[in-house]
Amino acid sequence: CETCSKEEAKYRCPRCMKYSCSLLCVKKHKLALSCNGVRDKTAFVSVNEFTDLNLLSDYRFLEDVGRTADAAARHCIVHSPATKRLLYCLRNKARGCNIELKTLPVGFTKRRENSTTFNSVENKFYWHLKLIFPHCHAEYTLKGVPDDKTLADILKPYIDPVESDPVVCQRLKIYTASPQSDVRILMKIENRSRNSVRYNELDASRSLLDNLKGKVIIEYPTLFVVLKTLKNDMVVLGQDGSEPAENSDSESSSLSSVEEGEIQDSS
């Protein structure tokens, strides 16, 4: 058992593949790793390990995608003139800021979650923002973040040893105990294949708007906060030695391949 290290393992988590010996240990590992125990249908499988079961799983997944897309296309909100006008305005304003903002159909999780707005009087975006701290298996959702706020100020309530909330500080103690110079802020580059994931490194001293310029955003930005001193599997574009750095908006592909993991079966 990878939780208690005392008893012989009887169960294996379909999500993170951790071994457990009992229901209690299963619950503990889910709580510690924020694991939901549901198998990731979009997880990468190499050709050598690909079996008929994987093929059947992919086929059923594509059927689910088809049903969800069909249900979303027939949803009354999709055809609402007010909704279309609002989304068009949001995308148009983002384009004026050199940001390629893409929105998803109603059936997608990120579409339901997104609370991003644009204030015409202030000429300013108020972003829905997600912060993920991989080393602590923690994530936080922020709403109404002004686009002129620097990333350093956005992170202060979470990783600043003085200004952060005591509960948050305790959960993110790996970050709060590390010097600010070790903190890196990454954002996934969209429209890349699942086996070639790359990230852009953002500048904490610059505003959110400046960091988002020239980027492709699907619904809202998701920022990954990592530490240089700790190992992680995130490859920054231009620093892996295999390809030069480039703007993410020079790439294009279908949305469905990027966001297939976000689809909810609404049937």
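Residues numbered from 1 in each chain as written. Predicted model: local features only at pLDDT ≥ 70, side-chain atom pairs only at ≥ 80, totals over all residues. Heavy atoms only, no water.

Some points on the overall build of the protein
- Along the backbone of the protein there are nine helices and ten strands.
- Across the 267 residues that make up the protein, the buried fraction comes to 39%.
- Relative to all contacts within the protein whose residues are 6 or more apart in sequence, the contacts with residues 24 or more apart total 59%.
- Total accessible area on the protein is roughly 15700 Å²; 52% of this is exposed by carbon and sulfur atoms. (Helix = DSSP H or I, 4+ residues; strand = E, 2+ residues; numbered from the N terminus. Buried < 20%, exposed > 50% of the residue type's maximum accessible area, 1.4 Å probe, protein only. Contact = heavy atoms within 4.5 Å. Areas by Shrake-Rupley, 256 points an atom, 1.4 Å probe, with all protein chains shown as cover.)

Notes on the UniProt feature "domain: HIT-type" (unreviewed entry) in the protein
- The UniProt record annotates "domain: HIT-type" (unreviewed entry) at residues 1-35.
- Span residues 1-35 is 31% helix and 11% strand, its end C-alpha atoms 16 Å apart. (UniProt positions renumbered as here; feature names shortened; annotations may be inferred.)

Let's talk about the pattern of salt bridges
- This model, assessed by the stated rule, comprises eleven salt bridges.
- Of the charged contacts, one joins E100 and K102 as a salt bridge, the two residues approaching to 3.5 Å between their closest N and O atoms.
- The exposure class assigned to E100 is partly exposed, which follows from its relative accessible area of 32%.
- You can call K102 buried: its relative accessible area is 15%.
- R111 serves as the salt-bridge partner of E219, at 2.7 Å between the closest nitrogen and oxygen. Taken together, the residues span a long stretch of sequence, with E219 in the loop between β9 (216-218) and β10 (222-227) and R111 in helix α4 (residues 109-113) at a distance of 108 residues.
- According to the relative accessible area criterion, E219 is buried, its value standing at 1%.
- Since its relative accessible area comes to 19%, R111 is described here as buried.
- In this structure, a network of salt bridges that share partners links the residues K41, D64 and R67. (Salt bridge = Lys/Arg side-chain N within 4 Å of Asp/Glu carboxyl O.)

As for the state of the cysteines
- Counting across every chain of the model gives zero disulfides.
- Its sulfur unpaired, C21 is 3.7 Å from the next cysteine sulfur, which belongs to C25.
- By relative accessible area, C21 is classed as buried at 8%. (Disulfide = S-S within 2.5 Å.)

A closer look at unusual backbone geometry
- Residues other than glycine seldom take positive phi values, yet N123 does so here, at roughly 55°.
- In the Ramachandran plot, H137 falls in the positive-phi region, its phi being about 50° despite a non-glycine side chain.
- Relative to the helices and strands, H137 resides in the loop between β5 (124-133) and β6 (138-146).
- The partly exposed category is assigned to H137, whose relative accessible area is 40%.

With respect to the packing of aromatic side chains
- Scanning the model with the defined rule gives seven aromatic pairs in all.
- Ring geometry for F125 and W127: centres 4.9 Å apart, planes at 20°, overall stacked. Each member of the pair, F125 together with W127, is buried.
- With centroids separated by 5.5 Å and ring planes inclined at 80°, the aromatic side chains of Y199 and F224 adopt a geometry described as edge-to-face. Taken as a pair, Y199 in strand β8 (residues 199-202) and F224 in strand β10 lie far apart in primary sequence, 25 residues in all. Across the pair, exposure class does not vary: Y199 and F224 are buried alike.
- The structure contains a cluster of three or more aromatic residues connected by ring pairs, namely F133, Y140, Y158 and Y175.
- Of note, K110 hangs over the ring of Y220, and the distance from its end group to the ring centre comes to 4.9 Å. (Phe/Tyr/Trp six-rings, centres within 6.5 Å; stacked < 30°, edge-to-face > 60°. Lys NZ or Arg CZ within 6 Å of the ring centre and 35° of its normal.)

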